[in-house]
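Now for the letters of each chain:
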Amino acid sequence: MAFWHGLKAMAPLWLGIIPFGMAYAVTARSAGLSLLETQLMSLVVFAGGAQFSAAGLFSIGAGSLSLVLTTFLINVRHFLYGLTLEPRLKLSRLEKIVGAYFLTDEAFGVTIASGKRSFAFLLGAELSVFFLWNASTLLGSLLSRAVPDPQTLGVDFIFPLTFLALLIPLIKERVDLTVAVFSGALALAASQWINAGLTILVEGVLGSLIGALWTGRAEGGRRA
Amino acid sequence: MNPILTILAMALVTYLPRLAGFALAGQRPSPFFLRFLRFIPITVFAALVVPALPGNAGELPIRLVAAAAASLTIWRFGNLWLGILTGMGLFWLLRLIT
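For clarity, every value in this text was computed on a predicted model and none was experimentally measured. Each residue is numbered by its place in its chain's sequence as written, counting from 1. Going through the entries in the order they are written, you letter the chains from A and number the ligands from 1. Selection of residues for local features in this predicted model requires a pLDDT of at least 70, selection of side-chain atom pairs for listing and counting requires 80 or more, and totals for whole chains, interfaces and linings are taken over all residues. Only hydrogens and water are set aside; all other atoms, that is, all heavy atoms of the structure, feed into the side-chain values.

Peer 1: Sorry if this is basic, but what is going on with the pattern of salt bridges here?
Peer 2: A side chain with one charge may pair with a side chain of the opposite charge, provided their charged atoms come close. By convention in these notes, a salt bridge is any Lys or Arg side-chain nitrogen within 4 Å of a carboxyl oxygen on Asp or Glu. As enumerated under the stated definition, the model contains 6 salt bridges over all chains in all. Measuring nitrogen to oxygen at the nearest pair gives 3.9 Å for the salt bridge that ties A:Lys96 to A:Glu86. Of this pair, A:Lys96 sits in helix α7 (residues 93–101) while A:Glu86 sits in helix α6 (residues 78–89); the two residues are 10 residues apart in sequence, bridging distant segments of the chain. To sort residues, take the accessible area from a 1.4 Å probe on protein chains only and compare it with the maximum for the residue type: under 20% means buried, over 50% means exposed, and anything in between is partly exposed. A relative accessible area of 16% means that A:Lys96 is categorised as buried. Connected via shared salt-bridge partners are A:Asp156, B:Glu59, B:Arg63 and B:Arg95. By the criteria applied, helices consist of DSSP H or I runs no shorter than four residues and strands consist of E runs no shorter than two, each listed in order from the N terminus.

Below you can see the structure in the form of C-alpha cells.
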C-alpha cells in the first residue's frame, strides 16, 4: 500500500531526525518554554529549522513580532514544494488541506525522488516525519540534559547527505548538472547574508528560472 | 505576548505558504512553468546540501570525502539507504582515525 511505502521510504532519514527533535526540545526548554509549549510547537509549527531559531529567539527574549516574522521567512520556501507536487499528484481540496499541514523538506524530497504520484505515499512520508519529530521532542523534553549534542555525534551530516543522495539521480542531462552546481554556489553565497530557509526560496526561484530559460532556448534552437 | 499565542501565530504563517503552493498550482500550467517546476527539486536539493555540508566543527575535508563516496554509491546503485550508510560510515571512520 502506498501509505506504508511512503512511511518506509523515510526510514533512512530517521537517524537524522531523532537527535534533532531531541536537541530542539532541550534548546526550547532551556529557553524557558514549558513542556507543553515545547511540544505544541512541534505539533502545530512542525518545521525543524524554524523551531530551532524560535527557541533561540525565545531565549534572548525576542518579541512576538520578530518570532512570527522570522518563522515566516524561514518557512515560506514550502510554497515551492506544494507548487511542484500539485501538478504531479493532482490532489483533491481535502488532500491539499491535510497534505499542506504536514509538508516538510524531507517529505517533499522523498516523494519527488520516488516518482510516485500518490497522495497516500506523500502522507505516509509526511506522517513518518511528524510522528518521529514529535516523539523525539517529547523524549528530549523528558531527558533534558542527558541528550547528546547532534553536532558532537556528527549526525547533523545526515541532512546534507540525504539531499545529496536525493539530488544525484535527478541529474540526467548536462543542463541539470549546470543548474545544480550554479544553485549550490548561489546558495552558499546567499546563506552568508540571509537565513537558510529564505536562501532556498530565492535560490530555488532563480535557479529554476535559469533552467527553464535555458531549456526553452535549446528547444527553440532545435525547431529552427 | 503569551508564548502559546505566539506559537499559534507561528503555526499560521507556516501553514499558509505550505497550503498556498498546493492551492495556487494551476490546473493547466504553461510549458514554461512546467520547465520551471522541473528544476525546483534540483535547485532546492542543491541549496539544502551545499550550505549544510561544512558543518560547524571544522570537518570540511572529511565531510567532502564522505559526501563524494556517498555520491558515487548513489550514482552506481541508486539506493538511498546504501548512499547514506556509506557516507555516514566513512565520515565516522575518518573522524576516528584523523
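The rest of the description comes next.
Peer 1: Help me out: how do you make sense of the nonpolar core in this one?
Peer 2: Across soluble globular proteins, nonpolar side chains show a tendency to be buried alongside one another. Within this scheme, the nonpolar core is defined by two criteria: the residues are buried Ala, Val, Leu, Ile, Met, Phe, Trp, Tyr or Cys, and they are joined through side-chain atoms within 4.5 Å. Counting 94 residues, the largest nonpolar core has A:Met41, B:Val44 and B:Phe45 as the members making the most contacts within it. At 11 residues, helix α2 (residues 31–49) of chain B tops the list of elements feeding residues into this core. Residues within four places of B:Phe45 in sequence aside, it is in contact with A:Phe108, A:Gly109, A:Phe163, A:Leu166, A:Leu167 and A:Leu170. Residue contacts follow a heavy-atom distance rule, with two residues in contact if any of their heavy atoms lie within 4.5 Å.

Peer 1: How should the interface of chain A and chain B be read in this particular structure?
Peer 2: The extent of an interface is frequently quoted as the accessible surface area lost upon association of the parts. Taken together, the contact between chain A and chain B spans 91 residues of the former and 58 residues of the latter. Where chain A packs against chain B, one counts 2 salt bridges. With a closest N to O distance of 3.3 Å, B:Arg38 and A:Asp176 form a salt bridge. Top contributing element to the side of chain A that touches chain B by residue count: helix α13 (residues 196–223) of chain A, with 13 residues. Residue classes in the side of chain A that touches chain B are distributed as 59 nonpolar, 22 polar and 10 charged. Charged means Asp, Glu, Lys or Arg here, nonpolar means Ala, Val, Leu, Ile, Met, Phe, Trp, Tyr, Cys or Pro, and polar covers whatever is left, Gly included.

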